[in-house]
Amino acid sequence: MISVTGRELTTSQWILRSLRLDGVLLVLLGILLVIGLLVLFSATGESVEALQRQSGRIALGLIALLLVARIPVSMLRAWSPWLFLLGLGMLIAVMLAGDIGKGARRWLDLGLIRFQPSEIMKLAMPLMLAWYLSLRNAPPRFLDLIVVSVLIVVPVLLVMRQPDLGTALLIGAAGLLVVFLAGLSWRWFLGLGLAIASAIPLLWLQMHDYQRQRVLTLFNPESDPLGAGYHIIQSKIAIGSGGLYGKGWLNGTQSQLQFLPERSTDFVFAVYAEEFGFVGIAVLLALYFLIVARGLWIATLAQDRFSRLIAGSISLTFAVYMVVNIGMVSGMLPVVGVPLPLVSYGGTSLVTLMVGFGILMAVHSQQRLVNR
Amino acid sequence: MLIDRQDSYNEEGRDQSRFSVRILVSIVVLLLLVLMLAGRMFTLQVGAHEHFTTLSENNRLRIEPIPPTRGLILDRNGVLLAENRPAYQLEVTVEQAGDLDLLLERLSGLVDLSTSEIDRFRGSVRQRRPFQPVLLKSGLDDETVARIAVARHELPGVEIEARPVRHYPQGADFAHVVGYVGRINEQDLRRLDTRNYAGTSHTGKTGVERYYEDVLHGTTGYKQVEVNAQGRVIRELSVVPPVPGQDLFLSIDLDLQRAARDALAPHDGALVAIDPATGEVLALVSKPGFDPNPFVNGISHRDFSALQSDPHNPLFNRALSGQYPPGSTLKPIVALAGLEGNVTTAERRMFATGYYQLPGHERRYRDWKRGGHGWVDMNRAIALSSDVYFYDLGHKLGIDRMAPMFAAFGIGNRVGIDATGERPGILPSREWKRSVQNLQWFPGETLITAIGQGYLLTTPLQLADVTSTLANRGQRVQTRLVRAVREGGDGEPQSEPVRYLAPVSASEAHWDVIQQALIDAVHARHGTAWGSIGSTSPTYRIAGKTGTAQVFSLAKDQEYDESELERRLWDHALFIGYAPAEAPAIAVAVLAEHGGSGGRVAAPIAREVMDAYLTSLGLVAEAEEEP
């Protein structure tokens, strides 16, 4: 462990400190990213081009992380409501005038760049709630609860309408986690659980056909082996046939013979499980757990309520990502389209996650500055 | 004060400890979840390992897409405009090829292989499925096919496959209407349903091919195949056949299209002919065209830059995307606005001199005719195209009453034709200028708008659409290219219904005035098209209006003199007209770039096309042979 009180600093400690980075978290993230690239190389059929692209995105993500880490938390806090309003405005713009890709209206085209405003909301939501709840007395009262509910429900509904169930879920989770960390009474969470349970029939009526199909096939994938069940069946075969030690890197037959669909994006975990086996899974799960735990550690050491809430919710949202993706790939949860964080091929969610870790680093370095 | 701080410290401490409890709970829950996931993995990977290994080894069933046949595009008489031809391509199954470098070396002795083709090949070799043939070269000619067939025994893994490739037999004549297909790229992938395009390599890029992509493409079929442990297909198990795309019948008549192309020669420009009763486009020419066939499998960089740097700009669709000042062709609309707005009457006369001045302003707005036209009423003003009369009328109307009438005819909006690439032109107004330039509208701009200059821009397609509306006395009909759709292969073509749009409402008496003036512009001695059409005593009557659009703005008192100017600075020649004037069957708009005078150059072009069409309908006897 790096000693905070020691006078002498090694070179690497000095570099980390001047870059405002947490060495432990950085190393853990680095290992995960490298594993991701290895799996991706295998999943894309040894495509060097895909590897280069993903490396480029990782570089972009790291730059974003470095930049965000330098922003003082007080400034992040001051920006929070504006970022939220911006994200909300863009979500509405998408609803009115977004680009349609693959049957969903998610993209906003700003000439030079095209992006999904729902990505901004993934961070704007916890920032906004942390900002709001840090202004109020803890724990949240009834009035706060109403404000908070509106803040969560409106963006979630907008994203759900795109339709993008996976992202809506993550945004909603990010918001709820802030409220949870802020100390909202357990009674309310019990109530929420009951409300959700009773809302399921209503939700069912609201869902698109393809979403219903996914839920139905979850319970009985064999009913539709050529259609919606195909993903889950093939993914389970890939995982199960991996065994204890796996088939070895680049040797997964399920993925290499292209039985497994979406093997470089949402289902990349199955490729990993097939090639590295249960031992590999244990390592990966441990790695994810350590990253989240380190994030929560940073949160507990944070100096003020806003920092605590934002650092805590970012770490836990990351955990939600991981649990939902692995759950869906192994057939425990419906296929909602949540990527495996920092491993799945694709740029937008990777950059958003890295910005999130940048915020964690910023919280971490502020705490260190105060200690000194 | 002190107590306050004490309080907030306490508060902070309480908050921190409450937070720590929540974090602890989170960690515990997370640990449970991770253990649960690990447990799940353990059941799958260790507990059920045998089961899944068997499944994996028996996993011999793969689903392969079968691409549908793309629909054909035909002209109104069933002549092919876009078809699918079998083209021979060279494919290599790497697993059977042995030494790939040696094979490529041998092949390059038989086929002309470029480095880019080899690079693309090596790229797809890395991403193929086992035993999936990889394309090396497409578009082989018969001779090459024969050469390879002879040397077959020393080329293991090499196959010659016949695959359908889009072909445009009419070449350049329909490039700007039908458009072309090309290989699917990243941008296309964002818009296409990847599932339905799993086996498709090409998609519509421009024109009708792009607009009707959904109709032409069809639905991809699937076959379930059994493969061996190495991934090689052993047999087919079941097939869901693809649904072929639908065939499109355009309303364009190939012969008329060619007649229009020839009539435009030697000019660059555009011609659009519409059947006013149905809105069907009869001919749509943008000259020069280009051969779309090389675009299908990727045009070479050199050929593409040659097309791009061609000064005649053959890739530019003048008919749909070219925005030109309409010049005097839209004076009838200004006249109608004057009549409907009670600003003037058909009988009111004015003495038109060689220029017009706004009250209290120095600037002279010149007429195209030096010295002016003398006494003119509305009929004469349209027929001989007096600028001064319309400066005056425009001034009395004002832009606020002129713009709505233009808008009623569809100026400033896309016609909504069923092909891509259409542009909306510009209908200037006070609001338009404020929003675009953030400037106020000047009275002088009203004057030049009234004679179709200034900010006002229209496409040749819009002009033809306006002409059709004039021919219909205000009834607007949706202009379209596709008149019928046929379910894949056989079956009867199903006609698309005619769509009527909100009409331009004006009194019958006013339409009579406009229509008579348009007839007089062609058939009266003072008409601007008298010299080129009226004086040749045609066998039917045409209602039309000439126009000349300035390309080059003259200094205040400079005279325009064709002979002194470079050709590229000459005015554009325009003509709009419909015939027969009493029962319109065809409405035509012509734009000859840098043609000079609308009456002398553009009017005869339109007339040739009308002759050809009306003859084909039997409305006019064949032109008599000169003895």
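Residues numbered from 1 in each chain as written. Chains lettered and ligands numbered in written order. Predicted model: local features only at pLDDT ≥ 70, side-chain atom pairs only at ≥ 80, totals over all residues.

Peer 1: Can you walk me through the overall build of chain A in this structure?
Peer 2: Counting secondary structure elements, chain A contains 14 helices and 3 strands. Across the 372 residues that make up chain A, the buried fraction comes to 50%. In chain A, once contacts between residues fewer than 6 apart in sequence are set aside, the share between residues at least 24 apart is 71%. (Helix = DSSP H or I, 4+ residues; strand = E, 2+ residues; numbered from the N terminus. Buried ≥ 20, exposed ≤ 12 C-beta atoms within 10 Å, placed from the backbone. Contact = placed C-beta atoms within 7 Å.)

Peer 1: Sorry if this is basic, but what is going on with the pairing of strand β20 (residues 482–486) of chain B here?
Peer 2: Consecutive side chains along a regular strand alternate between the two faces of the sheet. Residue and element names in this part refer to chain B. Note: strand β12 (residues 247–250) against β20, 4 bridges, orientation antiparallel. When the sheet's bridge partners are listed, Leu-250 is paired in β20 with Val-482. Inspection of the sheet shows β20 paired to strand β21 (residues 494–495) by 2 bridges, in the antiparallel sense. Residue pairing in the sheet places Val-485 in a bridge with Gln-494 of β21. (Pairing = 2+ DSSP bridges.)

Peer 1: Just to check I follow, could you spell out the nonpolar core for this structure?
Peer 2: Nonpolar side chains in soluble globular proteins tend to end up buried together. Leu-271, Val-272, Ala-273, Val-588, Val-590 and Val-609 of chain B are the most contacted members of the largest nonpolar core, which has 127 residues in total. When sequence neighbours within four positions are dropped, the list of residues in contact with Ala-273 of chain B reads Leu-256, Ala-260, Leu-282, Ala-283, Ala-464, Ile-586, Ala-587, Val-588, Val-609 and Tyr-613 of chain B. Within the second largest apolar cluster, 113 residues are counted, among which are Ala-182, Val-336 and Ile-359 of chain A together with Phe-52 of chain B. (Core = buried A, V, L, I, M, F, W, Y, C linked by C-beta atoms within 7 Å.)

Peer 1: Whenever I open this one, the packing of helix α5 (residues 117–135) of chain A against helix α6 (residues 142–160) of chain A confuses me. Can you help?
Peer 2: Two quantities define a packed helix pair, namely the angle between the helix axes and the distance between the axes. Residues and elements named next belong to chain A. Between α5 and α6, the shortest axis-to-axis distance is 11 Å and the interhelical angle comes to 180°. On the basis of the axis angle, α5 is roughly antiparallel to α6. Within the contact between the two elements, α5 uses Ser-118, Met-121, Met-125, Met-128, Leu-129, Tyr-132 and Leu-133 and α6 uses Asp-144, Val-147, Val-148, Leu-151, Pro-155 and Val-159. Grouping the amino acids of the contact of α5 with α6 by side-chain chemistry returns 11 nonpolar, 1 polar and 1 charged. (Axes fitted to C-alpha atoms, helices over the stretch in contact; angles between N-to-C directions. Parallel < 35°, antiparallel > 145°, perpendicular 65-115°, else oblique. Nonpolar A, V, L, I, M, F, W, Y, C, P; charged D, E, K, R; others polar.)

Peer 1: Where do I start with helix α13 (residues 305–329) of chain A in this structure?
Peer 2: At 3.6 residues per turn, the α-helix brings residues three or four places apart onto the same side. Residues and elements named next belong to chain A. Between the first and last C-alpha of α13 there are 36 Å, a value that for 25 residues agrees with the 36 Å anticipated at 1.5 Å per step. Most of α13 sits inside the fold, with 24 of its 25 residues counted as buried. One or two residues past the end of α13 sits Gly-331, with phi positive at roughly 80°. (Expected span 1.5 Å × (residues − 1).)

Peer 1: What is the right way to look at unusual backbone geometry in this model?
Peer 2: Negative phi is the rule for most residues except glycine; trans is the rule for most peptide bonds. In this structure, the amide linkage connecting Ala-265 of chain B to the following residue, Pro-266 of chain B, adopts the cis form with an omega of 5°. Along the polypeptide, Pro-266 of chain B turns up in the loop between α11 (254–264) and β13 (269–275). Looking along the chain, the bond that leaves Ala-579 of chain B and enters Pro-580 of chain B is cis, with omega of -15°. Its place among the elements puts Pro-580 of chain B in the loop between β24 (572–579) and β25 (586–592). One non-glycine residue, Leu-342 of chain A, adopts positive backbone phi at about 70°. Owing to 23 C-beta atoms within 10 Å, Leu-342 of chain A belongs among the buried residues under this scheme. Here the phi dihedral of Asn-342 of chain B falls at roughly 55°; this positive angle occurs in a residue that is not glycine.

Peer 1: Where do I start with the environment of Tyr-245 of chain A in this structure?
Peer 2: Take Tyr-245 of chain A: it is sitting in the loop between α10 (229–242) and α11 (253–256). Tyr-245 of chain A has contacts with Gly-277 and Val-279 of chain A, leaving out every residue within four places of it along the chain.

Peer 1: Explain the interface of chain A and chain B here, please?
Peer 2: When the parts come together, some accessible area is lost, and that loss is often what is quoted as the size of the interface. In this complex, chain A contributes 47 residues to the contact, which on the side of chain B involves 38 residues. Of all elements in the fold, only α7 (165–181), α10, α11, α12 (268–301) and α13 of chain A reach the threshold of two or more residues within the side of chain A that touches chain B. It is α12 of chain A that contributes the most residues to the side of chain A that touches chain B, 12 residues altogether. Tallied by class, the residues present in the side of chain A that touches chain B amount to 25 nonpolar, 17 polar and 5 charged.

From the geometry alone we can't say anything about function, so treat these as descriptive.
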